[in-house]
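# Summary of structural features
Chain by chain, the residues run as shown.
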Amino acid sequence: MSNPKVLAFAGSIRRDSYNKQLVNVAKNSVEKLGAEVTFADLHDFQMPLYCDDLYKKDGMPENAIAFKKLMKSHNGFLIASPEYNGSLTGILKNTIDWATINYEDEERLACFNGKVAGIMCAAPGVGGSHGLHHLRAVLSRLGTFVLPKHVCVTNCHAHLQGENSIADEKIQHQIDDLAAETVRVIRGLH
Ligand SMILES: Cc1cc2nc3c(=O)[nH]c(=O)nc-3n(C[C@H](O)[C@H](O)[C@H](O)COP(=O)(O)O)c2cc1C
């Protein structure tokens, strides 16, 4: 296959989001392996909360169409999401929900089916993994191959300081492993 195409995004739209930083560290690792990575900030793709009435009245919001197209045109995803109250964030779930809604005549789960996802989280405390378990369940339900190992960066403010890498070798190694596995599985599937 040609170079794997990976879409990287975070489940937070906060300007200084640690999870946006984390997914960009992973982006850097994946790029070193020859993949093409697109970073998408969900802040630029804001969409209303999904409601069937709204969809029937106004159709698919422009940002939902644009994000769906991005998802479809990539082989896999790198997703870093904070945990909100023990689960994935509302913004991430809402984005996923819109992406499962029929648009034109494409297959309903075309954005997810057969894609590969490397998932991770950054948390200022010690939390984060509950959210990833829920994210894993949601994506798996939609046909995405979620890599068995995920990365949780706890105490994240000590590690993520706007750089493309993490000084702590052990954490950087975990991210590099996730990146390598993402590329390896995409190559294996295509
Ligand atoms: C509504 C809300 C719920 C949260 N719940 C959790 C939680 O369950 N576990 C956790 O570790 N952190 C929780 N946090 C803290 C987030 O992990 C923290 O704000 C983190 O920095 C958000 O990620 P970001 O920097 O990428 O925006 C919560 C924050 C908010 C705003």
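The following paragraphs examine the structure supplied in this document. Because the structure is a prediction, the values reported are computed rather than measured.

### Brief notes about helix α1 (residues 18–32)
Between its first and last C-alpha atoms α1 spans 22 Å; for 15 residues at 1.5 Å apiece the expected length is 21 Å, and the two agree. The element α1 is extensively covered by neighbouring structure, given that 11 of its 15 residues are classed as buried. Listed as buried for α1 are Asn19, Lys20, Gln21, Leu22, Val23, Val25, Ala26, Lys27, Asn28, Ser29 and Val30. On its buried side, α1 packs onto β1 (5–10), β2 (36–40), β3 (76–80), β6 (116–122), β8 (151–153) and α6 (169–189). One side-chain oxygen at the N-terminal end of α1 lies 3.1 Å from the backbone nitrogen of Asn19; it belongs to Ser17.

### Description of the side chain of Gln172
Relative to the helices and strands, Gln172 resides in helix α6. Accessibility expressed as a relative area gives 14% for Gln172, which makes it buried. There is a polar contact of 2.8 Å between the side chain of Gln172 and the backbone nitrogen of Ile166. Not counting chain neighbours up to four residues away, the residues in contact with Gln172 comprise Val25, Ser29, Ser165 and Ile166.

### Digging into the nonpolar core
What tends to happen in soluble globular proteins is that the nonpolar side chains get buried as a cluster. Within the largest apolar cluster, 31 residues are counted, with the highest numbers of intra-cluster contacts made by Phe67, Ile96, Phe112, Leu135 and Leu139. Elements with a contribution of two residues or more to this core: β1, α3 (62–72), β3, α4 (90–99), β6 and α5 (129–141). The contact partners of Leu135, leaving out residues within four places of it in the chain, are Ile79, Leu88, Leu92, Ile96 and Ile119. The next biggest cluster of nonpolar side chains, apart from the first, holds 26 residues, and it includes Ala80, Leu160, Ile175 and Val183.

### Remarks on the layout of surface pockets
Its volume calculated, the largest pocket comes out at about 170 Å³. Along its surface, the largest pocket is lined by Leu147, Pro148, Lys149, His150, Val151, Gln174, Asp177, Leu178 and Glu181. Among the elements that make up the lining of the largest pocket, the one with the highest residue count is α6 (four residues). For the lining of the largest pocket, the residue count by class is four nonpolar, two polar and three charged.

### What to know about the packing of α1 against α6
Running from N to C, α1 and α6 cross one another at 60 degrees; their axes reach a closest spacing of 9 Å. As summarised for this structure, α1 and α6 are arranged oblique, according to the angle between their axes. Remark: the crossing between α1 and α6 carries right-handed chirality. Between α1, through Leu22, Val25, Ala26, Ser29 and Val30, and α6, the contact on the second element is made entirely by Gln172, Ile175, Asp176, Ala179 and Val183. Among the residues making up the contact of α1 with α6, the classes are represented as seven nonpolar, two polar and one charged.

### Here's the deal with α5
An ideal rise of 1.5 Å per residue puts 18 Å on 13 residues; α5 measures up with 18 Å between its terminal C-alpha atoms. Residues of α5 that are buried include every one of Gly131, Leu132, Leu135, Arg136, Val138 and Leu139, and no others. Looking one or two residues beyond α5, the residue adopting positive phi is Gly143, at roughly 95 degrees.

### A few points about the site of the ligand
What surrounds the ligand is a group of 14 residues, the closest being Ser12, Arg14, Ser17, Asn19 and Asn85. At 2.7 Å, a side-chain N or O of Ser12 approaches an oxygen atom of the ligand. A distance of 3.0 Å separates an oxygen atom of the ligand from a polar backbone atom of Gly86. Alone, the ligand offers 620 Å² of accessible surface; in the complex the protein occludes 69% of this. Secondary-structure elements contributing two or more residues to the shell around the ligand are α1 and β4 (83–84). Each residue belonging to the shell around the ligand can be placed in one class, and the counts come to five nonpolar, seven polar and two charged.

Conventions and cut-offs
Residues numbered from 1 in each chain as written. Predicted model: local features only at pLDDT ≥ 70, side-chain atom pairs only at ≥ 80, totals over all residues. Heavy atoms only, no water. Helix = DSSP H or I, 4+ residues; strand = E, 2+ residues; numbered from the N terminus. Expected span 1.5 Å × (residues − 1). Buried < 20%, exposed > 50% of the residue type's maximum accessible area, 1.4 Å probe, protein only. Contact = heavy atoms within 4.5 Å. Polar contact = N/O pair within 3.5 Å; in protein donor to acceptor, adjacent residues only side chain to side chain. Core = buried A, V, L, I, M, F, W, Y, C linked by side-chain atoms within 4.5 Å. 1 Å grid on protein atoms, 1.4 Å probe; cavity = no way out; pocket = protein on both sides within 12 Å on 5 of 7 lines; lining within 4 Å. Points joined across faces, edges and corners; volume = space filled by probe spheres on them. Nonpolar A, V, L, I, M, F, W, Y, C, P; charged D, E, K, R; others polar. Axes fitted to C-alpha atoms, helices over the stretch in contact; angles between N-to-C directions. Parallel < 35°, antiparallel > 145°, perpendicular 65-115°, else oblique. Left-handed = near helix turned anticlockwise from the far one by under 90°. Near = heavy atom within 4 Å. Areas by Shrake-Rupley, 256 points an atom, 1.4 Å probe, with all protein chains shown as cover.

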